[in-house]
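# Descriptive analysis of the structure
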Amino acid sequence: MKIAGLLLGLLTVGVVWAETGPTETFRSYCYQCHSKGPGMAGVNLVQLTAESSIAAKYKQWEKVAAALEQNRMPPKGLSQPSDAERLHAVSWIRGELGAYAKSHEGDPGRVTVRRLTSGEYAYSIQDLTGLDLNLEHEIAGDEVGGEGFTNYGDVQFMQDASMERYLEAAKKIANYAVIGAGPLTFFTDPGKTGFELAAVSRISAIYRDNGFRTVSGEGGLPYGLDHYRKALYVAWQYKHRAALGQPAVTLRELAAREKITTRFAQHFWSVMNTAGLGYPSSEIVARWRALPGPSRTMDAKAARAQCDEIQKYMVTWPSWMFGRGDAAVGGAGDERPLVFNDESLKVEERHHFTFVRGGRGVGKAKPIPAGGTARIYLNAVLANPDRAAIPNVMWRNATIAFTTIADRKTGLAKAARLPLRSVLTEESAGRLGDGDFASNGSIAFDVRVPEGATLYSLQVDAEIGKDRAQVLRITISDREDGGSEGIPVWGLVGDPQSKGYGTWKAGVLQYAHLLPPNSHGEATPADKDPAPEPFDSRFNTPEHDEFLQRVKYVRDDRFVVEKILDDATRGKLDQAWNDVYAAFEYHDAYVRLLAKKLGLDLKGKGIADLDLTAIEALPAEPRKYILPLRVDWEKAMAAQLAARPGHVEDCLRFASRAWRRPLTEGERQSLRAFYAAALKSERDHGKAIRALLARILVAPAFLYRMEPATLQRTTVRQLSNWEMASRLSYFLWSSIPDEELRRAAAAGELNDETRLRAQVKRMLLDVKARRLSTEFFGQWLGFYRFDQFRGVDTTRYPEFTDEVKSSMYEEAVSFFDYVVRKDRPVREILHADYTFLNQPLAKHYGVKKEVASKDELVKVDGANEFGRGGLLRLGAVLTVTSAPLRTSPVKRGDWVLRRVLGTPVPPPPADAGSIPADEKSFGGLSVREKLAMHKRNATCAGCHTRIDPLGFPLEKYDSVGRLRDKYSDGKPIDDSSETADKTQIAGVDGLVKYLDGRQEQVTRTLAQKLLGYALGRTVQLSDEPLIARLASSGGDATFADLAARIVVSKQFRNRQEQDARPQTATLRGTR
Amino acid sequence: MKITRQGPNRRHFLRGAGVALALPWLESLPLKGAATAGGKPPLRFACLYFSNGVEPEHWWAKGRGAEMELGPVLHAMKPLREDIVFLRGLYNQQALVSTSPHLGRMPNMLSGATVSLDPSVIRVGTTMDQVLSRQIGGQTEVPSLVLGIEPNEMRLEDGLSMVYGSSISWASPTKPATKEIYPARAFDRLVGDGKGRRLDRSILDAVLKESHDLEPKISGNDRVKLDEYLESVRDIEKRIDGASREQRLEGWRPSLTKPNMERPADQLPQVIPEHMKLMLDIVVLAFQMDKTRIATLMLNNDLSQMNFKFVDGVQGALHLDLTHNGHAPATEAMYLKTNQFHFQQFAYLIQRLKAIDEGGQSLFDSSLLLCGSNLFDGDKHGADQMPLLLSGRAGGALKTGRIVDYLDKGDDNRRACSLYLSLMDRMGVKLDRFGDSDKRLENLWADA
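Notes on the structure follow. The structure presented is a predicted model; accordingly, all values stated were derived computationally and were not measured.

Turning next to the overall build of chain B. Broken down by element type, chain B carries eleven helices and 13 strands. Across the 448 residues that make up chain B, the buried fraction comes to 58%. In chain B, once contacts between residues fewer than 6 apart in sequence are set aside, the share between residues at least 24 apart is 69%.

So, about the interface of chain B and chain A. The interface of chain B with chain A comprises 73 residues on the first partner and 75 residues on the second. Put simply, the parts of the chain that give the side of chain B that touches chain A at least two residues each are helix H1 (2–17), strand S9 (175–176), helix H6 (198–214), helix H7 (220–244), helix H9 (318–323) and helix H10 (329–354) of chain B. Of the residues in the side of chain B that touches chain A, the class split is 30 nonpolar, 25 polar and 18 charged.

Here the focus is the sheet that holds strand S5 (residues 373–382) of chain A. All names here are of chain A. Spatially, the four strands line up as an open sheet ordered S9-S5-S11-S12, and their pairing is antiparallel. Bordering the open sheet on either side are strand S9 (443–448) and strand S12 (489–494), each of which pairs with just one other strand. Across this sheet, the average inter-strand angle for adjacent strands is 20°, counted without regard to direction. Taken together, the six bridges between S5 and S9 define a ladder with antiparallel strand orientation. Along S9, the bridge assignment pairs Thr373 with Arg448.

Residue and element names in this part refer to chain A. Within the secondary structure, Ala41 is located in the loop between helix H4 (31–34) and helix H5 (45–49). For Ala41, a count of 19 C-beta atoms within 10 Å corresponds to the partly exposed category. The spatial distance from the C-alpha of Ala41 to the C-alpha of Val493 is 101 Å, given a sequence separation of 452 residues.

All names here are of chain A. For the pair helix H9 (residues 160–174) and helix H26 (residues 685–697), interaxial distance at closest approach is 8 Å and the crossing angle is 135°. In terms of their interaxial angle, H9 and H26 are classed as oblique. As for how H9 packs across H26, the hand of that crossing is right-handed. For the pair H9 and H26, contact is made by Ala170, Lys171, Ile173 and Ala174 and by Arg690, Leu693, Ala694 and Leu697, respectively. Here the contact of H9 with H26 is built from residues that sort into six nonpolar, no polar and two charged.

Every α-helical turn comprises 3.6 residues, leaving residues that sit three or four positions apart pointing alike. Residues and elements named next belong to chain B. Counted at 1.5 Å a residue, the expected span for helix H8 (residues 272–288) with its 17 residues is 24 Å, and the 24 Å between its end C-alpha atoms agrees. Counting buried positions over the 17 residues of H8 gives 13, a clear majority of the element. One or two residues past the end of H8 sits Asp290, with phi positive at roughly 55°.

This part is about the pairing of strand S6 (residues 392–403) of chain A. Residue and element names in this part refer to chain A. As paired elements, S6 and strand S8 (residues 437–440) share four bridges and run antiparallel to each other. Pairing of Asn392 across the sheet is with Asn440, part of S8. Taken together, the nine bridges between S6 and strand S10 (residues 455–464) define a ladder with antiparallel strand orientation. Across the sheet, the residue bridging to Trp395 is Ala462, located in S10.

We now examine the nonpolar core. Formed by 210 residues in total, the largest nonpolar core has its most connected members in Leu732, Ala812, Leu1010 and Ala1043 of chain A together with Val283 and Tyr420 of chain B. Top element by residues in this core is H8 of chain B. It accounts for ten residues. Setting aside chain neighbours within four positions, we find Val283 of chain B in contact with Ala46, Leu145, Ala295, Leu297 and Leu349 of chain B. Counting 175 residues, the second-largest nonpolar core is a separate cluster that includes Ala235, Leu338 and Val580 of chain A together with Leu214 of chain B.

Quick notes on the rules
- Residues numbered from 1 in each chain as written.
- Chains lettered and ligands numbered in written order.
- Predicted model: local features only at pLDDT ≥ 70, side-chain atom pairs only at ≥ 80, totals over all residues.
- Helix = DSSP H or I, 4+ residues; strand = E, 2+ residues; numbered from the N terminus.
- Buried ≥ 20, exposed ≤ 12 C-beta atoms within 10 Å, placed from the backbone.
- Contact = placed C-beta atoms within 7 Å.
- Nonpolar A, V, L, I, M, F, W, Y, C, P; charged D, E, K, R; others polar.
- Pairing = 2+ DSSP bridges.
- Axes fitted to C-alpha atoms, helices over the stretch in contact; angles between N-to-C directions.
- Parallel < 35°, antiparallel > 145°, perpendicular 65-115°, else oblique.
- Left-handed = near helix turned anticlockwise from the far one by under 90°.
- Expected span 1.5 Å × (residues − 1).
- Core = buried A, V, L, I, M, F, W, Y, C linked by C-beta atoms within 7 Å.

Structure (structure tokens):
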């Protein structure tokens, strides 16, 4: 073995070594420690010189060169080489290394196929489905290798147990697929429930995006109110198009400018140009027509303002009419639904009103002035305005009863009802007279409140007066403005037989048809919404409630469909409704309730059994309701069926995205065949589609980032466009290529350097680039998944809550995300004078400055002033480099050397001593005093004179990242240090300054790690020229610069083929 | 019997997959171990591992049988002293000479292989439990259980992957066996019976075919990875197929057919003692139901920072604070308590196995149990010997209640790999050579 190695060596390093190498120097000064066994610090120069290539262990060679250059070796006290010998040895090593690097520059190197890391898997699924399913903890765990990243192929293992997890995850994801009348999508809830909810949420989204509701009933907020405003303005512009200098403009163009549909604009225009409409449409049209034409004073802004006024009238009219919402005389909080039908527009000649002041809702009410007087308003206005008419009403049988609020439930029924006149003040009695009284319009009066009374109940009948054609809108309240300190009352009084009423009602129905305040009813009716005919539509009746429980959804969207939606959206809405119908036995439930209501015995027949013949045989009334249901049901079933082939095609598109390349014809066929077989065995389209999705997601083409050999016997090949798209997207986004990358790959743009750079730039602006901060920066700098860090003893540090922990993590991620996506120079990684805080974190750090946000982290400038800002002051970093109960200058120093400067020291000797755990138990010695022992011990000193000085400057941060001014035992903190080269470092600021002097080295570390991360391998000697170039840009480079230069490098764009001969024969045998 | 059905297929496949190439000497082995024919319960093997060694002064044993005295680490074993064998002086040369004080000294536990010190090459050696798993694991539904408490640590230690410190079971020299730390998932592996998995089977078939189509285009290291994938798929398929067939073992049947414990909660237990107890219960359950006969459990990872505050009077993390205690008396006492805690777990396992009757004899009688650490002196990363305890009666082959001392028998006679050969023998897998040894440990078995 050894001989073979030497022989090999003779051919390569050995030959050169023997001829030109500093053999004698090594033999005289180094072999003593570095020639036997593994060698001190793992360096055996005899073995090293026998390697087949200087590249094989080039990092060791670099260590040797650096140790010689910096006079660290041989150790003090041993005999030293002359300067000339030293120089010769160094320049030989550097020369050989350089020559190799130059001749092999850009070698793509050995890259083992990479399985998706758990992070990449979760992100890929997120981008494929649009869902964040938290899968990173459900699939096989990661290991770290190469340059310290999980994306290193050799540490990505697969075993049956991990494969089971992938299969489970794939099936779980497939269960989120929505397989209905529309194309395949994914929804946040899985399974059958998810299917139903997905459909309802699609419906709601369409209504919300396209429709409007001025009064939206229980719990709802009005929305879409600008629809009419825009339509008014569009119609105004269209009317005056010539005067506005755009004679050829179409309604379509104007609508598009205002972002309303053409259909809606056309409808509105035609209404505005319809003559002879009834009230209140006539009023709206009149107001629109009265808008002046364009002029200097009627510019666009003025026109819009005037349209707003009309729109306000349109919105407030129904509320006023029916006493709803803000305008309600009825008062806010009235949640009765707004419907226009015989029931809601019913009038009575005489209506009995009861107004209770101090009843329900009394919490907010001021007590009535007991022992004083209370004023009551009876309001009567015309619902069908006729400018000449005065509302005329007769008030009859007025009585009043008093009790206390506390006793309202039982007291009121028992209280004596007094004739109103017996409690009227003298003044009011004088006006109202003795018995029943008439009023022209509204009237008010005062009553005397008995001592101790806090509640009264007024009852009165309002009767239509002399003018039978009037329709009166009556409200009773205790405030002049119609508002109320009690539950107000509202009602319509009129003669149902009168022509006046007939005209009014027709007008209101016409208005509800042409210019409705609500473009649709919500798909999921609220408790107080009505049930459709023939069911009892009143709130809280058993029939109404049963309908809403069993049938659940009501489609009442004629206006939005006919007058607003474009054809494509109509199609989507129908698909969504069809999915609602298919999600459960909608129609069966509906039919069952109809049968019950109408006393019909269907003999257990469901909607599927009720074909046309069966429906024909039904009595007229049930037939009227059941026939349209059957039509809807048939449509829904047909739609489900019709969508099926599309789903298979959707799956193929899904596979192409998941597999990050176009499918081959063979693959398409095999996926289709898989579906067909699954459909045959499962007899269920949904199951078969879900199985197909799962099959796509456990395929090697998804789980592994395949870059297959081309079968050509080349050693290096250029990557294809699709392979480049994958490399780019997994490098910068940890996920699948997006549509733009796919387009670019299909167009063959990804072998063009300029376009590659442009893609990098684009991708780094995308929010997905944040994943670089979690995946790359997190792993490089050691705060990866810090939100799950368990290394803090929370018994000792109870203030280190989960909230603080996750905020610290977010601080680190947000910081790097800012540097990356805002294109900041990489110098800011150390120097930033800003950080990201929320209130809990600011409190934890003891930051006095005001931080606005309670949860989301916000950028805070001038952070150095309070000890934050930049990598070295990140709480997460300071915490992970501490022990559970104390800080560790050694860990922190080692972290700076290793992770920031990229110049790690060898591991400590196995039998190195240790220092006590708890800073409280140092036995009087400070950490510094303890560690001073390092310097006295020669074995330790070599490394610890390099490590410790870089850790001590951070001592003013405790083990959970907070500033402190003394140790917990009260001892003062000295955070100054002296490096091996006698540089004085004072505190964290000093350390930042010290590293600033080594910015090129810091950038080099970043470049090396970034390259390793991008390629999924360790860096090798042939990468040296690229890394040197990247490093030479120092702190001024931006992350995007470095990333782009890596992306266009040879090693990123090429692949080394290995052992290209296939070994199919043996593997075939396994089938 | 299943084994005859599986054997050739499996080996054939392995050869193709290139996995068996690492273990060519396994090819000709007779597949023994199905020692159920005579109606006797089969042997079960379990290994409990704890990291970071012990304080040597606290690790000792004197005397034998009921008179045996034990050092403080073994406090929990006192009532069980007649059930254990105290092994003194075993070591592994490869671990001893490795320059990596932690990761390089992991494989003395169960393989005796050398850890690759090249950061770009992940390689160590197949461990004895996984050799068993591969050879006799096919006799049960689950070939072996590989359990742990702590997740794999995602960082490098001195440039080397922490995979070495997070795994004591390696399925091949380049692949650790997947370690399960979620009790619920481990439990599910035991109860999932493969029935009703028709669709899974067809999904796996499809991807297997796809992978075969890929083969010609895959080369080098990529092939190793694709083979891992293929093997995983095949293993699941076999389990599905096996489970849907009627299980018929002649002569002997497990004493339990349905779990007698509740399914653990989905989440990772937050309290470590509860976590360990659950994992041990799962090992016992698996043995009792004869779902597997091979189990390993890492109580902690190497370099573990497990916070032992759950043990009364202990504060701080295992590795940095307690193991490297600077010999401060207070912390050293805490370190001892962590060791004692580890052996309480072992004692719990023994007691549970002893309490289970398998037709006139206990499950413990048919067990072979190993508990130990890869390091001896934890503070100094000592690997000159290993603290190991053996227990179980191995079907009568292991005479317990004694000390077997190899320390002064010469290095060649105190190899840990000899122990592994001996243990594998008992489990029915006889190898000529394993790791750095080609001979059995002397003076171990009653019948030898």
